[in-house]
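An overview of the molecular structure
One letter stands for each residue in the lines below.
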Amino acid sequence: MEGTAAVTPDYYEKLALTKGASDDEIKRAYRKLAMKWHPDKNADDKEVAELEFQAIAEAYDVLTDKAKRAVYDQFGYEGLRDGVPDTSGNQNGYKFQNNGDEIFTGFFGTANPFADFGFGESTPFTSRLKKSGPKKMDAIVSDLPCSLEELFNGCIKKLKITRKRFNADKTELAEEAKVLTVSVKPGWKKGTKITFPNEGDEGEDVVPADVVFVIVESAHACLIREGANLVYTARVSLSDALTECAIIVPTLDGRKLSLPVPEVVSPGYEKSIGGEGMPSKKGRGDLIIRFKVLFPNFLAEDKKKVLRETLSGTVTAETDAVVEAPETEAEAN
């Protein structure tokens, strides 16, 4: 069975205001409409009044919060509901918690502003305000694997979920499939959370759970991410490390960089290329090349002799000082 589509609320229309309404105008409108539509003042049709009372409170909750109102004015209800990603990739949407009673009490400073009109603490008004609302279910959290290329370039992920939803007359629950779309932004990191408010199972007296996806970075065959930097380990032979060589470095956008290495590659030596790392809010990070020198398993005696003769009097990596081997008595003679 298919559920009914939710009506997109117009918060300004709900309070009979224009988009440029001031804070004082919003407060006056809420005061008037909240008193008019409170369920205890509408005994003939309390269910309708209660829905209207909560909708008025929701409009007031959004329009009196500068941050929520700014998102709503710029992106509409869908942008407010689904959330707008910030610089860290977090996308927290808004969902009204059906707490119209709390908003009403906070606004009027009392749980019963009708007391002056003969309504005592035992009236249905007070008991209704004190009634607990639906319970919010715990968030449903799932991993969202992304390759390093996807986190570098950005991508669209479409994720199919199945949840329980009421049918049209709200009498039965049936499984319903829905596709959620995640727009992965370039540079997002592992651990980034994307939240879809209230997309979990419906049920009696509960607020559906949020569905949360957490970015998980899949291992790459050649590159490792360290913050905004990318690290590539080049494997070079001992002869190349001591003389010179050129290496080919892959990039996440499909290019291959050819880099000359004319210098001696000593233990711990690195090369860095600026602007070839991951995207970030400060710009691109660096591509760092680290070297792993491959030593031979065996050397013949004649080659060992040549190496000893060639490497006598070397330059140390720590001091760059030339170390000369002392003469023996036989050499002096």
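Residues numbered from 1 in each chain as written. Predicted model: local features only at pLDDT ≥ 70, side-chain atom pairs only at ≥ 80, totals over all residues. Heavy atoms only, no water.

Focus: the overall build of the protein chain
Applied cut-off: The way it works is that DSSP assigns letters per residue, a run of H or I at least four long becomes a helix, a run of E at least two long becomes a strand, and they are numbered from the N terminus. For every residue, the accessible area (1.4 Å probe, protein chains only) is compared with the maximum for its type, and the residue is labelled buried under 20%, exposed over 50%, or partly exposed between those bounds. Contacts are assigned to residue pairs that have any heavy atoms within 4.5 Å of one another. Each accessible area is a Shrake-Rupley result for a 1.4 Å probe, and residues are judged covered by the shown protein chains and nothing else.
The helix and strand inventory of the protein chain stands at 10 helices and 15 strands. Taking all 333 residues of the protein chain together, the buried fraction comes to 33%. Counting contacts in the protein chain only where the partners sit at least 6 residues apart, residues at least 24 apart contribute 56% of the total. Summing over all exposed atoms, the protein chain offers an accessible surface of approximately 20800 Å²; the carbon and sulfur share of this is 51%.

Quick word on the pairing of strand S13 (residues 287-294)
For the record, the criterion: Only strands joined by at least two bridges in the DSSP assignment are considered to pair.
Relative to S13, strand S9 (residues 229-237) runs parallel, the two being bridged by eight bridges. Within the sheet, the bridge partner assigned to Tyr232 lies in S13 and is Ile289.

Overview of the confidence of the model for the protein chain
Definition in use: Values of pLDDT, ranging from 0 to 100, describe the predictor's confidence in every residue of the model.
In this model, the protein chain carries an average pLDDT of 83, and 83% of its residues clear a pLDDT of 70 or more. Below a pLDDT of 50 lies the segment residues 1-6, which in the model reaches seven contacts outside its immediate sequence neighbourhood of four places, other chains included. Ignoring residues within four places in sequence, the model shows residues 116-124, a span with pLDDT below 50, making 10 contacts including any to other chains.

So, the packing of helix H2 (residues 23-37) against helix H3 (residues 46-63)
The cut-off we apply is this: What counts as an axis is a line fitted to C-alpha atoms, over the stretch in contact for a helix, and the angles between N-to-C directions run from 0 to 180 degrees. Relative orientations are named as follows: roughly parallel for angles under 35 degrees, roughly antiparallel for angles over 145 degrees, roughly perpendicular for angles from 65 to 115 degrees, and oblique for any other angle. In a left-handed crossing the near helix is turned counterclockwise from the far helix by less than a right angle, and in a right-handed crossing that turn is clockwise. We call Asp, Glu, Lys and Arg charged. Ala, Val, Leu, Ile, Met, Phe, Trp, Tyr, Cys and Pro are nonpolar, and the rest, Gly among them, are polar.
Two elements in contact, H2 and H3, have axes separated by 9 Å at closest approach and are oriented at 165°. Between H2 and H3, the angle is such that the two are roughly antiparallel. Between H2 and H3 lies a crossing of left-handed hand. On H3, the residues touching Ile26, Lys27, Tyr30, Leu33, Ala34 and Trp37 of H2 are Ala49, Glu52, Phe53, Ile56, Ala57, Tyr60 and Leu63. By residue class, the composition of the contact of H2 with H3 is 11 nonpolar, no polar and two charged.

Looking at the pattern of salt bridges
What counts is decided by this rule: The salt bridge definition used is simple: a Lys or Arg side-chain nitrogen within 4 Å of an Asp or Glu carboxyl oxygen.
One pass over the full model with this rule turns up 19 salt bridges. Note that Arg255 and Asp253 form a salt bridge whose closest N and O atoms lie 3.1 Å from each other. Assessed through its relative accessible area of 33%, Arg255 is described here as partly exposed. According to the relative accessible area criterion, Asp253 is partly exposed, its value standing at 37%.

Side note on empty space enclosed by the protein
The condition that has to hold: Only protein atoms enter the 1 Å grid used here. Points where a 1.4 Å probe fits but cannot escape make up a cavity, open sets with protein on both sides within 12 Å along at least five of seven lines make up a pocket, and a residue lines them when an atom lies within 4 Å of a point. Grid points are joined across faces, edges and corners, and a volume is the space filled by probe spheres set on the points.
In the structure shown here, the tally under the stated rule is one cavity of 30 Å³ or more. By volume, the largest cavity amounts to about 40 Å³. Forming the boundary of the largest cavity are Phe152, Leu223, Leu230, Pro250, Thr251, Leu252, Glu276, Gly277, Arg284 and Leu287. Per-class residue counts for the lining of the largest cavity are six nonpolar, two polar and two charged.

Thoughts on the nonpolar core
Selection criterion: Residues enter a nonpolar core if they are buried and are Ala, Val, Leu, Ile, Met, Phe, Trp, Tyr or Cys, with the set joined through side-chain atoms within 4.5 Å.
Within the largest apolar cluster, 35 residues are counted, with the highest numbers of intra-cluster contacts made by Val182, Phe213, Ile247, Val249, Leu287, Ile289 and Phe291. When residues in this core are grouped by element, the largest group, four residues, is from S9.

Observations regarding the sheet that holds strand S8 (residues 223-226)
Pairing is mixed across the open sheet formed by four strands, whose spatial order is S8-S9-S13-S12. Because the sheet does not close on itself, it has two edges, and the strands there are S8 and strand S12 (270-273). Put simply, the sheet's adjacent strands are angled 30° from each other on average, direction ignored.

Details of the sheet that holds strand S7 (residues 211-217)
Sheet strands pair by backbone hydrogen bonding; their relative direction is either parallel or antiparallel. The strand order S2-S7-S5 describes an open sheet built from three strands, whose pairing is mixed. A strand with exactly one partner marks an edge of an open sheet, and here the two such strands are strand S2 (140-146) and strand S5 (193-196). Averaged over all neighbouring strand pairs, the angle between strand axes comes to 25°, with direction disregarded. Note that S2 and S7 share seven bridges and pair parallel. Its bridge partner being in S7, Asp143 is matched across the sheet by Val214.

Some points on unusual backbone geometry
Phi is positive for Ala16, which is not a glycine, with a value near 55°. Position of Ala16 among the secondary structure elements: in the loop between helix H1 (11-14) and H2. We note that Asn198 has phi near 60°; this positive angle belongs to a residue other than glycine. Considering the arrangement of structural elements, one finds Asn198 in the loop between S5 and strand S6 (206-207).

What to know about H3
For the record, the criterion: To estimate how far a helix should extend, the number of its residues minus one is multiplied by 1.5 Å.
For H3, which comprises 18 residues, the first-to-last C-alpha distance of 26 Å matches the rise-based estimate of 26 Å (1.5 Å per residue) to within 8%. For H3, the full list of buried residues reads Ala49, Glu52, Phe53, Gln54, Ile56, Ala57, Glu58, Ala59, Tyr60, Val62 and Leu63.

Some thoughts on the environment of Val182
Tracing the backbone shows Val182 in strand S4 (residues 173-184). Exposure remark for Val182: the relative accessible area of 2% places this residue in the buried category. Sequence separation between Val182 and Leu144 is 38 residues; the distance between their C-alpha atoms is 9.7 Å.

Focus on the side chain of Thr192
Spelled out, the test is: Any N or O atom pair separated by 3.5 Å or less is treated as a polar contact, with the protein-specific requirement of one donor-capable and one acceptor-capable atom, and with residues adjacent in sequence counted only for side-chain atom pairs.
Take Thr192: it is sitting in the loop between S4 and S5. For Thr192, a relative accessible area of 6% translates into the label buried. A polar contact is formed between the side chain of Thr192 and the backbone oxygen of Lys189, at a distance of 2.8 Å.

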